[in-house]
Amino acid sequence: AVTVFTLQIADDWPGYKLELFTYPEHYREDVESVYIPHGVIMNRIECLARDILEDMGHENLMVLCVLKGGYKFCADLVDYIKAQSRSSVRPITTRMEFIRLRSYLNDRSTEDLQIIGPEDLSMLKGKALTLKAIVDTGKTMKMLLQHVQNFQPKRVKVAGLLVKRIPSSATILPDYVGFVIPNRFVVGYALDYNEYFRDLNHICLISETGKLKYKL
Ligand code: 5GP
């Protein structure tokens, strides 16, 4: 039997003190702590790449990246997949498509979800790997999967870098999960708060000052 490991971040994990890491000076007051350092994120993604190649690596991969929050995760994961695939006996081709979804205002999820992107995703036929940076209630992921099914892919797998540990998200989980985190609002590594913090490499907890400063 295959043992599936999950990386759980405990409810009482406060994060590392900011001073222990480098970060953009302009966010000094705006983040509380370094919740997941960039180096840890990268190594975890390298592991996900290995797992994905083990499962899906015998055929070419069509990768669907969910923007904007997923762009770093996608770029780094695909880089690791390529690197590991190059050194394997049977290298695979990866192709990419991008889609954009919007549902958040400030730090709250809103009801209306919009899909912005190419009408025709028929290149997803074959094996599709959908990449999302974060799964909160799972609403977005469900809708995305329905959308992807319209294009009749042979097989669909979902990778999520972060999954929030909340009861309502238990229905469908991504096939590959980077970190399971408490229900707290995080920013950085392309995850934003009203378009700010995407330029932060670590995943951080936003401070009250930060929330007020960039509120719409
Ligand atoms: P869901 O549909 O799973 O509730 O929401 C997923 C979307 O909400 C994500 O794609 C992301 O855009 C946004 N989101 C949820 N939680 C967070 C968070 O902690 N930080 C940020 N920056 N975005 C979040």
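Notes on the structure in this doc start here. Residue positions are given per chain, counting from 1 as you read along its sequence in written order. Given that the model is predicted, a residue must reach a pLDDT of at least 70 before its local features are reported, and side-chain atom pairs must reach 80 or more before they are shown or counted; all residues, however, enter totals for whole chains, interfaces and linings. Excluded from the side-chain calculation are hydrogens and water; included are all heavy atoms of the structure.

## A few points about the site of the ligand
Any residue with a heavy atom positioned within 4 Å of a molecule or strand is treated as near that molecule or strand. Taken together, 15 residues lie around the ligand, and Thr137, Thr140, Lys164, Val186 and Asp192 are the ones closest in. Within 3.5 Å is the distance limit for a polar contact, defined as a pair of N or O atoms, with the added protein rule that one can donate a hydrogen and the other accept it, and that residues adjacent in sequence qualify only through two side-chain atoms. Here Gly138 contributes a backbone N or O atom positioned 2.8 Å from an oxygen atom of the ligand. Asp192 has a polar backbone atom sitting 2.7 Å from a nitrogen atom of the ligand. All accessible-area figures derive from a Shrake-Rupley calculation using a 1.4 Å probe, and residue coverage is judged against the displayed protein chains alone. Its free accessible area being 510 Å², the ligand has 90% of it covered by the protein chains. Only DSSP runs of H or I with at least four residues qualify as helices, and only runs of E with at least two residues qualify as strands; both kinds are numbered from the N terminus onward. When residues of the shell around the ligand are traced back to their parent elements, those giving at least two are strand S5 (127–135) and helix H3 (139–149). Ranked by residue count, the leading element in the shell around the ligand is S5, at 3 residues. Three categories are distinguished: nonpolar for Ala, Val, Leu, Ile, Met, Phe, Trp, Tyr, Cys and Pro, charged for Asp, Glu, Lys and Arg, and polar for the others, with Gly belonging to the last. For the shell around the ligand, the per-class residue count stands at 6 nonpolar, 3 polar and 6 charged.

## What about the sheet that holds strand S1 (residues 31–36)?
What links the strands of a sheet is backbone hydrogen bonding, and the strands pair in either a parallel or an antiparallel sense. Paired strands are those between which DSSP finds at least two bridges. The antiparallel open sheet is built from 3 strands, whose spatial order is S1-S9-S8. Each having just a single partner strand, S1 and strand S8 (186–187) make up the two edges of the open sheet. Pairing of S1 with strand S9 (residues 203–206), which is carried by 4 bridges, proceeds in the antiparallel orientation. Among the inter-strand pairings, Val31 is bridged to a residue of S9, identified as Ile206.

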